[in-house]
Amino acid sequence: MGGNSFGEYFGAPDGLNDRIGPHTTETCNTYNMLKLTNHLFQWNVSAKEADFYERGLFNHILASQDPVHGGVTYFLSLAMGGHKHFESKFDDFTCCVGTGMENHASYGSGIYFHDHDKLYVNQFIASTLE
Ligand SMILES: [Zn+2]
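Remember, predicted model here, so these are calculated numbers, not experimental data.

**Q** What's the story with the coordination of the zinc ion in this structure? I'm lost.
**A** Four donors placed tetrahedrally around a metal ideally meet at 109.5 degrees, and six donors placed octahedrally ideally meet at 90 or 180 degrees. All of the protein donors around the zinc ion are Glu26 (OE), Cys28 (SG), Cys95 (SG) and Cys96 (SG); their distances to the metal are 2.2 to 2.4 Å. Coordination at the zinc ion is tetrahedral: its 4 donor atoms span angles of 88 to 134° at the metal. In terms of primary sequence, the donors binding the zinc ion are separated according to E-x1-C-x66-C-C. With respect to burial, Glu26 and Cys28 carry one shared label: buried.

Next up, the structure:
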């Protein structure tokens, strides 16, 4: 789904399926991976990087905000029967609350890229480029 951590920690590549639980996929981790992926794409244009960004953005970051009250998740549980826990506005302030504010204000940062003669439209997001 684009997330890749368990309890704030990375693990062996392609092994998250062995560590699924209520503390799977910290939102900050995906936030950082998307920032890194934008840099990697700028250094070396690759559909693989653009696809990774889309998976993380749509499956994790967009799903990390409470659509009613605006709170954000610390972890996005992938446990069977798991559920989202949105942090409270006044009683929680994990790292993911801080990056969560930036997450939802930066949807436009990964849509368009260009070099001297090419334009890359990487995300299927309603937008206008001028
Ligand atoms: Zn965090």
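**Q** I keep staring at unusual backbone geometry and nothing clicks. Help me out?
**A** Note: most peptide bonds trans; most residues except glycine with negative phi. A positive phi angle, near 60°, is found at Asp14, a position not held by glycine. Considering the arrangement of structural elements, one finds Asp14 in the segment before helix H1 (27–43). For Asp14, a relative accessible area of 82% puts it in the exposed group. The phi dihedral of Thr25 is positive, around 55°, even though this residue is not glycine. Within the fold, Thr25 resides in the segment before H1.

Parameters at a glance
- Residues numbered from 1 in each chain as written.
- Predicted model: local features only at pLDDT ≥ 70, side-chain atom pairs only at ≥ 80, totals over all residues.
- Heavy atoms only, no water.
- Donors = N, O, S within 2.8 Å, 3.2 Å for Na, K, Ca; no water.
- Tetrahedral: all angles 85-135°; square planar, octahedral: opposite > 155°, others 65-115°.
- Buried < 20%, exposed > 50% of the residue type's maximum accessible area, 1.4 Å probe, protein only.
- Helix = DSSP H or I, 4+ residues; strand = E, 2+ residues; numbered from the N terminus.

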